[in-house]
Amino acid sequence: MTMLSVRGLSISFGGVQALNDVSFDVEAGEIIGIIGPNGAGKTTLLNTISGLTRASAGKVSLDGAPISGLRPPRIASLGLGRTFQMSQLFPGMTVLENVMSGLHRKMRAGAFAAAFRTPSMREEEQATAEKAWEALRYVGMERFAHHPGTALSFGQQRVIEIARTLIGEPKLVLLDEPAVGLSVNRVAELDRLLRRIRDEKGVTLIMIEHVVRLVMGVCDRVLVLNYGVKIAEGKPEEVVADPQVIEAYLGSEFDAKRLAS
Amino acid sequence: MMMFGYLLASGITTGALYALVALGITVVYKATRSVNFAHGDLFMIGGFIAYTFHVMWGLPYVVALLLAVAAGFAIGAVVERVAFRPLRDQGLVSLLLAAIGLSFILKGAARAVWGGKGDFIPFPPIATPSPISIGGILVVPQQLVVLAGAIAVMAIFAGFFKLTKLGRMMQATADNAKAAKLVGIPVNRVYVYTMAIGTAIAGSAAVLMAPITLLYPDIGFVLFIKSFAAAVLGGLTSIPGAVAGGFLIGLIETMSGGYISTQVQDVSSYIVIMLVLVFMPQGLFGGRALRRV
Amino acid sequence: MRLLLGSRPFLILMFSALAIVPVVANPYILYVCNLGMLYVILAVGLNILVGYAGQFALANAAMFGIGAYGAGLLQVKLGAPYFLAAPGGAVLAMLIGTVIVFPALRLSGIYLGLSTLAFAMFSQWVLLHWNSVTFGGGGFPAPHLDLSPLPIGPDTGIYYLSWLVTMALVAFAWSLVRSRIGRAFVAVRDGEIAAQSLGIDLLRYKALAFAISGFYAGAAGALYAPLLGYVAPEGFDLFQMIIQKSMIVVGGMGSVLGSVLGAAVMVFLLELLRAFKSTQEIVFGSILIVFVMFRPRGLVTLLQRLPGWDEPLSSFDPRRLFAPAASAPATPPLAATRELADGGRR
């Protein structure tokens, strides 16, 4: 079953064609990697899918429902989750409250219920807090629950961001460089976590990543973007040996020959 | 037709004043990305200082003008060094809050030293008060002095920016502070000079204008709002825009005052600010669209 | 036992103390405490907009004026009884305040501040010049509170009414910020992009913040009219706005208790320096600068250092609002505990 369908997506910023006729499908339960040199348009692609920027052409559907042109909150309610390259945990809240925010759109208490602290509002808060604890336990971060959102290392923050996204029970999660700056051990942990998320929760994942080890290890398929154009798509081993891909990366640390061996 | 001529002359003169103050606002904005809320009050202090020199101590007008400009320069430098630089890394809102605080300190100090809320200090004009006729329009000579003075200051300033080394450094810092630092430009010192010059310009404007409008402690804020409207209308990043904006606001004010009602005069600048910021934030001449942030 | 210290006991203590003021104090003190409570309302409302939701708007003093004018004019021109005119004034301020959300969607930081300031000055101008409706610059006398059948004088009457309203509004704010709505505000402030991706509608929550602060300011205004017995444009000008801003900077942005503290401190200073307007200006200006430079997170941070203090973390550092660096400065870890969350731990 196709979870995400992207057709002919194009967008330009001030004369620069950031995305050029990009099309691909993602099946439910897949883990897709998106790679490409810097400035290739990868984050723009995620931004466009999640509604933060509007494409000039093309269509996107999530689980059959068209989402092009919808605003981010609406797309989120249709089952899309997202994490960001620069940690977007809210500094003004504790980790627990951050994760509770992930359930915002599913909670019902309005301003009046909140102001008067009605019993149903309090129950809802309690239930949400419990779910947030569970989510933190799932990613192994529950001991930081009462820390301020940003008093932790970037790696930890990113994992918590994942928890915050997961708590909303999304169908598809977009991850922007979840592994950047992580040590070898942490990358392995992230690998395991991503697999668990896919296997145990049935969530489809799309991730932009530069960390080769992770891409090769956990992705079912890989997409390669260069200058806004999709230049390759397929299994990690195939893509990495593709001469066009190698050429795009020439000069950077992404040494395909070293990987293929 | 007579009235139109009169309004036109009046609008241009007032406009020249706004242009001058807007120039100071824009210069500081370009260099530091922050709007100096206290700019108008620095102007006001410059005027009062000139008043002290010229009226209270009897020094000749031109000497008082030069001293006021020098004082403005010094005050601007001190303010930057002491109040603004420590906050520069902390974000624009902190700077704005500090500038607001400064504005009130200056106002209160002026009130305490020179006069209370209701006192309007008269400043004797430099030229004879009797109006002369130019092309059938009656003009008070002081207006010509203001216009001439304003144009002179703007010309000096334009030349300074283009021709002197400091001016070019300021330009570079304004365009890209990080790059400027990398190239070795002493950015902090440039900021000090920028503030100093911006305040000196304000001081000169005050002295030029004092004979026409009376001087009072609250004038700083009023002038700031109007000049800010001018700067925003012209596009906060454009120096010629600030000048154009100043004249436009001056004209809008006098025209609406003359043809609609005097009461509308003040409110026109508020409306301009609201409309421009919401619908056309880059103003008339602002190159890059003004960042939302 | 963890809850011994916290904003709740402080507030309860304070309101209890305020309850007995009319019995023990002279009319001047009564007036000052009454005024103080109104400033608490103003500060709490402003804090929700600026401290929690991060919208740096400078129109609150104008909303205060609209509330006072609304309540006063409804009574004087339409003969409405106070218990209708007062909410009327508050609602009017709320509606007008909400309109400001539209520029807030496109502007932020100092541009929002200056455009809302322009709006405030525009409203001030309307109050000053729309003579037929607002009585122009001279203002007009507003009726004192008349609780006729009850044996309570107007001064005491308005005091207790203010006391009740202040308690209610502070309690609402206190609950609101400890809820999903409060988290939504902080999310909008701290990370609009992530907030959207979590399903938080920016327009809705910004509008809510503007509406709430407008309502609070309007309510304060509606209580101010009978307190003063007069409504005139001067009390709602830039200086008033700066006083309110100073209250929340000094007290602590992003904290209900901070608003209360700030209001108390400022009212105290205002009255102390009442005779000398110029000194008031110098003192307020200096306080603002000193706090912004040295204690931007407000006095409430001193209280938060007490061991066992229970207060949510949303305390806001104004430095974070458009700080040039991409990452926020790390906040010191506070050992805040919340009964709610610990329930989930077992």
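Residues numbered from 1 in each chain as written. Chains lettered and ligands numbered in written order. Predicted model: local features only at pLDDT ≥ 70, side-chain atom pairs only at ≥ 80, totals over all residues.

Student: Before we move on, could you go through the overall build of chain A and cite the residues and values that matter?
Tutor: Along its length, chain A carries eleven helices and ten strands. Since a compact globule built from 261 residues should have a radius of gyration of about 18 Å, the 19 Å found for chain A is in line with a globular shape. Overall, chain A is about 65 × 40 × 35 Å in size when its C-alpha atoms are taken along their principal axes. Each of the 261 residues in chain A was classed as buried or not, and the buried ones make up 49%. (Helix = DSSP H or I, 4+ residues; strand = E, 2+ residues; numbered from the N terminus. Rg over C-alpha atoms; globule rule 2.2 N^0.38 Å. Buried ≥ 20, exposed ≤ 12 C-beta atoms within 10 Å, placed from the backbone.)

Student: Outline the interface of chain C and chain B, supporting the account with residue identities and numerical values.
Tutor: Taken together, the 40 residues of chain C in the interface contact 39 residues of chain B. In the side of chain C that touches chain B, the residues fall into 26 nonpolar, nine polar and five charged. (Contact = placed C-beta atoms within 7 Å. Nonpolar A, V, L, I, M, F, W, Y, C, P; charged D, E, K, R; others polar.)

Student: Account for the pairing of strand S9 (residues 221-226) of chain A, with residues named and values stated.
Tutor: All names here are of chain A. Sheet analysis places strand S3 (residues 31-35) next to S9, joined by four bridges and oriented parallel. Of the residues in S9, the one forming a bridge with glycine 33 is valine 222. Pairing of S9 with strand S10 (residues 229-234), which is carried by five bridges, proceeds in the antiparallel orientation. Bridging from a neighbouring strand, valine 224 pairs with alanine 232 of S10. As consecutive antiparallel partners, S9 and S10 are separated by two residues, and within that stretch tyrosine 227 has a phi angle of approximately 55°, a positive value. (Pairing = 2+ DSSP bridges.)

Student: Lay out the packing of helix H3 (residues 61-88) of chain B against helix H4 (residues 92-114) of chain B with the relevant residues and their values.
Tutor: Residue and element names in this part refer to chain B. Closest axis-to-axis distance for the H3/H4 pair is 9 Å, and the angle between their directions is 150°. Here H3 is positioned roughly antiparallel relative to H4, judged by the angle of their axes. In the crossing of H3 with H4, the sense of the turn from one axis to the other is right-handed. Residues Val79, Ala83, Phe84, Leu87 and Arg88 of H3 touch H4, and the partners they reach there are Ser94, Leu95, Ala98 and Leu102. In terms of residue class, the contact of H3 with H4 is made up of seven nonpolar, one polar and one charged. (Axes fitted to C-alpha atoms, helices over the stretch in contact; angles between N-to-C directions. Parallel < 35°, antiparallel > 145°, perpendicular 65-115°, else oblique. Left-handed = near helix turned anticlockwise from the far one by under 90°.)

Student: Break down the confidence of the model for chain C for me, citing the residues and quoting the values.
Tutor: Residues and elements named next belong to chain C. In the predicted model, chain C carries a mean pLDDT of 82, and the fraction of residues at 70 or more is 87%. Within chain C, helix H12 (residues 202-228) carries the highest mean pLDDT (93), whereas helix H17 (residues 339-345) carries the lowest (30). Taken together, the stretch residues 322-346 has pLDDT below 50 and engages in 45 contacts with residues farther than four places along the chain or on a different chain. The complex prediction reports pTM at 0.86, with the ipTM value standing at 0.87. (pLDDT = per-residue confidence, 0-100.)

Student: Got a sec to walk through the sheet that holds strand S7 (residues 172-176) of chain A? Specific residues and values, please.
Tutor: All names here are of chain A. The strand order across the open sheet built from six strands is S6-S7-S8-S3-S9-S10, with neighbouring strands paired in mixed fashion. Edge strands, defined here as strands with exactly one partner in the open sheet, are strand S6 (80-82) and S10. Adjacent strand axes in the sheet meet at a mean angle of 20° when their direction is disregarded. Sheet topology places S6 next to S7; three bridges connect them, and they run parallel. Paired with glycine 81 across the strands is valine 173, a residue of S7.

Student: Lay out unusual backbone geometry in plain terms, naming residues and giving numbers.
Tutor: All names here are of chain A. Although it is not a glycine, aspartate 21 adopts a positive phi angle of roughly 50°. Tracing the sequence through the fold places aspartate 21 in strand S2 (residues 16-27). Non-glycine residue aspartate 63 carries a positive phi angle of around 50°.

Student: Let's hear about the domain arrangement of chain A: which residues, and what values?
Tutor: Residue and element names in this part refer to chain A. One can read the domain layout of chain A as domain 1 (1-79 + 170-261) and domain 2 (91-167). Taken over C-alpha atoms, the centre of domain 1 sits 27 Å from the centre of domain 2. Taken together, the twelve residues of domain 1 in the interface contact seven residues of domain 2. Taken together, the elements giving at least two residues each to the side of domain 1 that touches domain 2 come down to helix H2 (72-77) and helix H7 (184-201). When residues of the side of domain 1 that touches domain 2 are assigned to their parent elements, the largest contribution, four residues, is made by H7. For the side of domain 1 that touches domain 2, the class distribution of residues is eight nonpolar, two polar and two charged. (Domains from an automatic or database assignment.)

Student: I'd like to hear about H7 of chain A, residue by residue, with values.
Tutor: Residues and elements named next belong to chain A. Between its first and last C-alpha atoms H7 spans 25 Å; for 18 residues at 1.5 Å apiece the expected length is 26 Å, and the two agree. Listed in full, the buried residues belonging to H7 are Leu190, Leu194 and Ile197. Along H7, the residues classed as buried sweep out an arc of 60° about the axis, all on the same side. The outward face of H7, more than 90 degrees from its buried face, is lined by the exposed residues Val184, Asn185, Arg192, Asp199 and Glu200. Where H7 is buried, its residues contact S3, helix H6 (154-166), strand S8 (204-208) and helix H8 (212-218). Downstream of H7 by a residue or two, glycine 202 has a phi angle that is positive, lying close to 65°. (Expected span 1.5 Å × (residues − 1). Arc of directions from axis to C-beta.)

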